[in-house]
Amino acid sequence: HQLRGRGGCYKHSFYGITSYQCMEATPSLACANKCTFCWRHHKNPVGRTWRWKQDEPEMIVAEAVNEHVKMIKGTKGIPGVVKERWEEAHTVRHCALSLVGEPIMYPRINDLLQEMHRRNISTFLVTNGQHPEAIERLVPVTQLYVSVDAATKETLEEIDRPLFKDAFERLKRSLRYLRDKGQRTVARLTIVKGWNSEDIDDYADLIALGRVSFVEMKGVTFCGTSDASNLNMSNSPWHHEVVEFAEKLRRRLKVLHERGGLEGCPLYELACEHKHSCSVLLARVDQFKEIREDGSTKWNTWIDYDKFQKLAKKEKEDGVPFTVTDYKEECPSWAVIGAEEEGFDPTETRVRKKGKKPLYTKFDVNGIPTHDSEGNEIKGKDREALEKKMEVAIKKFKRANEGRMGEELSVVTDSIRGRTKERTVEDPRLMFRGLVVGKY
């Protein structure tokens, strides 16, 4: 999309990457988990240790860049591609080491990271937390992620289906090692509604364990039905549900902070959002928040990538350490939580497919539409009619599900599909969301 000037990914909004100069790669196809939401549907090998041919890190990086450039060349004829961006995209500036598998299993991961830094490629390394000692040994990474897919031992085994019997202990050990990392660290939460969207207190305990720089929350993307996955569309949360989850987590982390002081859990606040990808960012106040002279707030979640490369090179050559705050940069106002743009870069052009324009653009806390497709406020009889429809739907839902609802106005139903357990979530307050204008 960004090649055509139609908006970047959430990493552009949160951290300032140029999406069309970012390649996704991995040095390891293998993984120690079989996650229910894995978009590869488990076509890759699994294992607890490395037992495959080991390619040279320089070759892996060179071939990854070559293949990325080949793909970019193939986009030249796509309508709308901006010539200047297409030319810039031939130079890789960022790498998300998260394509498939567990990159940290690769025995020479440090050499690979340093080869990327030598080429001035920033590194966003995502690990599932099953190899804690490998995390401890890592050289500086531009941003290091540990996936926290569940908050308890039981839900971790349901969601990640790990090969290690002590998977939850390994995850906790990995988070402890993040404390000692001088660079940016992230607890990455993939929210799967009905499976891991509760247990706020337990999530907060894990995050406090790692004292991470950021907590990144993203709603799971439904990738279709397969024998390897037991998810359905109802497990994908709406953006407002991810925001609600993030706010609950923020409040709980604040309680832990106040109990433990500065040596315990850091203080976190909602910093950024990217509605298009259902993503929300919590950031440490002590590392990234500043108050301007006029009293307004600025968040420094973006990265000075050139500065990082200089610092990483100096540490490698002279052993001079550096920290999170040495390469931070101000985040633009449009990416900050609550901004009208909702994380969409205003210098880009938003394009919707025909028939996909939302019928309603804003909603109240009960899910009743407050603004129409053009952004105009809904008032009077039109508003009353919508309120009545919601009232009737909720009463009907309560009668049909009497005795099955908890504190929330939703119902989770377990069923068996093939050899796997499927979980469906129903909530009448979502009835107006997802409706579109047929012609405009």
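Definitions and cut-offs
Residues numbered from 1 in each chain as written. Predicted model: local features only at pLDDT ≥ 70, side-chain atom pairs only at ≥ 80, totals over all residues. Heavy atoms only, no water. Helix = DSSP H or I, 4+ residues; strand = E, 2+ residues; numbered from the N terminus. Rg over C-alpha atoms; globule rule 2.2 N^0.38 Å. Buried < 20%, exposed > 50% of the residue type's maximum accessible area, 1.4 Å probe, protein only. Contact = heavy atoms within 4.5 Å. Areas by Shrake-Rupley, 256 points an atom, 1.4 Å probe, with all protein chains shown as cover. Lys, Arg positive; Asp, Glu negative; His and termini not counted. Charge placed at Lys NZ, Arg CZ, Asp CG, Glu CD. Axes fitted to C-alpha atoms, helices over the stretch in contact; angles between N-to-C directions. Parallel < 35°, antiparallel > 145°, perpendicular 65-115°, else oblique. Left-handed = near helix turned anticlockwise from the far one by under 90°. Nonpolar A, V, L, I, M, F, W, Y, C, P; charged D, E, K, R; others polar. Phe/Tyr/Trp six-rings, centres within 6.5 Å; stacked < 30°, edge-to-face > 60°. Lys NZ or Arg CZ within 6 Å of the ring centre and 35° of its normal. Pairing = 2+ DSSP bridges. Salt bridge = Lys/Arg side-chain N within 4 Å of Asp/Glu carboxyl O. 1 Å grid on protein atoms, 1.4 Å probe; cavity = no way out; pocket = protein on both sides within 12 Å on 5 of 7 lines; lining within 4 Å. Points joined across faces, edges and corners; volume = space filled by probe spheres on them. Core = buried A, V, L, I, M, F, W, Y, C linked by side-chain atoms within 4.5 Å. Expected span 1.5 Å × (residues − 1). Arc of directions from axis to C-beta.

Draft legend 1. Just the overall build of the protein, in detail. Along the backbone of the protein there are 12 helices and 18 strands. Its C-alpha radius of gyration of 23 Å places the protein within 12% of the 22 Å reference for a compact globule of 440 residues. The proportion of buried residues among the 440 residues of the protein is 52%. Considering only intrachain contacts with a sequence separation of at least 6, the fraction spanning at least 24 residues in the protein is 71%. Roughly 21900 Å² of accessible area belongs to the protein as shown, and the carbon and sulfur atoms make up 49% of that amount. For the protein, the distance from the average site of its 74 positive side-chain charges to the average site of its 68 negative ones is 4 Å.

Draft legend 2. A look at the packing of helix α8 (residues 200-210) against helix α9 (residues 239-260). With their axes 9 Å apart at the nearest point, α8 and α9 run at an angle of 60 degrees to one another. Relative to α9, the element α8 lies oblique. Where α8 crosses over α9, the handedness of that crossing is right-handed. Two secondary-structure elements touch here, α8 through Ile200, Asp201, Tyr203, Ala204, Asp205, Ile207 and Ala208 and α9 through Phe245, Lys248, Leu249, Arg252, Leu253 and Leu256. Its residues placed into classes, the contact of α8 with α9 shows 9 nonpolar, no polar and 4 charged.

Draft legend 3. Region of interest: the packing of aromatic side chains. Scanning the entire structure with this criterion turns up 13 aromatic pairs. Seen in terms of ring centroids, Phe322 and Tyr327 are 5.9 Å apart; in terms of plane orientation they differ by 65 degrees. Their pairing is edge-to-face. Here a set of aromatic residues connected by ring pairs shows up, and it is made of Tyr10, Phe14, Tyr15, Phe124, Phe214 and Phe288. Across the ring face of Phe164, the terminal group of Arg170 is positioned such that the distance to the ring centre comes to 3.7 Å. Seen from the ring of Trp195, Arg423 lies directly overhead, with NZ or CZ sitting 4.0 Å from the centre.

Draft legend 4. Quick look at the environment of Thr49. In this fold, Thr49 is placed in the loop between β1 (22-25) and α2 (57-73). Residues Thr49 and Tyr106, spaced 57 residues apart in sequence, show a C-alpha to C-alpha distance of 9.3 Å.

Draft legend 5. The arrangement of the sheet that holds strand β2 (residues 94-97) in detail. What the 8 strands build is an open sheet, ordered β1-β2-β3-β4-β5-β6-β8-β7; its pairing is mixed. Only two strands of the sheet have a single neighbouring strand rather than two, namely β1 and β7 (268-274). Strand-to-strand, the axes of this sheet are offset by a mean angle of 20 degrees, without reference to chain direction. Summarising the sheet, strand β6 (residues 214-219) and strand β8 (residues 279-284) pair through 5 bridges and their orientation is antiparallel. Within β8, the position partnered with Met217 by the bridge is Val280.

Draft legend 6. Quick look at the pattern of salt bridges. Under the defined criterion, the tally for this structure stands at 32 salt bridges. Salt-bridge contacts for Glu115 lead to Arg119; the nearest nitrogen and oxygen are separated by 3.2 Å. Since its relative accessible area comes to 8%, Glu115 is described here as buried. Linking Glu157 and Lys153 is a salt bridge whose minimum nitrogen-to-oxygen distance equals 2.8 Å. With Glu157 and Lys153 both in helix α6 (residues 153-160), this residue pair falls 4 residues apart, about one helical turn. Relative accessible area serves as the criterion here: at 37%, Glu157 is assigned to the partly exposed category.

Draft legend 7. Region of interest: empty space enclosed by the protein. Per the counting criterion, the structure on display carries 3 cavities of 30 Å³ or more. For the largest cavity, the calculated volume is near 50 Å³. In terms of lining, the largest cavity is formed by Leu138, Val139, Pro140, Val141, Leu144, Lys181, Gln183 and Arg184. For the lining of the largest cavity, the residue count by class is 5 nonpolar, 1 polar and 2 charged.

Draft legend 8. Layout of the nonpolar core. One finds Leu189, Val215, Met217 and Leu249 to be the most contacted residues of the largest nonpolar core, which totals 62 residues. With 7 residues, the top contributor of residues to this core is α8. Sequence-distant contacts of Leu189, defined by excluding residues within four places in its chain, comprise Val148, Tyr203, Val215, Glu216, Met217, Lys218, Phe245 and Leu249.

Draft legend 9. Molecular detail of the environment of His117. Following the sequence through the fold, His117 ends up in helix α4 (residues 109-118). In this structure, His117 is in contact with Thr123, Pro140, Val141, Thr142, Phe308, Gln309 and Ala312, ignoring residues within four places of it in sequence.

Draft legend 10. Looking closely at unusual backbone geometry. Residues other than glycine seldom take positive phi values, yet Asp199 does so here, at roughly 55 degrees. With respect to the secondary-structure elements, Asp199 resides in the loop between β5 (184-191) and α8. Judged by relative accessible area, Asp199 falls into the partly exposed class, the value being 29%. Even without being a glycine, Glu342 presents a positive backbone phi close to 55 degrees. By the secondary structure assignment, Glu342 is in the loop between β12 (328-329) and β13 (357-358).

Draft legend 11. Region of the structure containing α2. Between its terminal C-alpha atoms α2 stretches 24 Å, which fits the 24 Å expected from 17 residues at 1.5 Å a residue. Turning to α2, its buried residues are Pro57, Ile60, Val61, Ala64, Val65, His68, Val69 and Ile72. Looking straight down α2, one finds its buried side chains confined to an arc of 160 degrees; they lie on one side. Exposed residues on α2 whose side chains face more than 90 degrees from its buried face are Lys70 and Lys73.

Draft legend 12. The arrangement of the pairing of β8 in detail. Judged by how many residues are buried, β8 sits mostly within the fold: 6 of 6 residues are covered. Side chains Ser279, Leu281 and Ala283 of β8 all project onto a buried face; the interleaved residues Val280, Leu282 and Arg284 project onto the opposite face, where all are buried too. Linking β7 to β8, which pair antiparallel, is a turn of 4 residues; within it Cys278 sits at a positive phi near 55 degrees.

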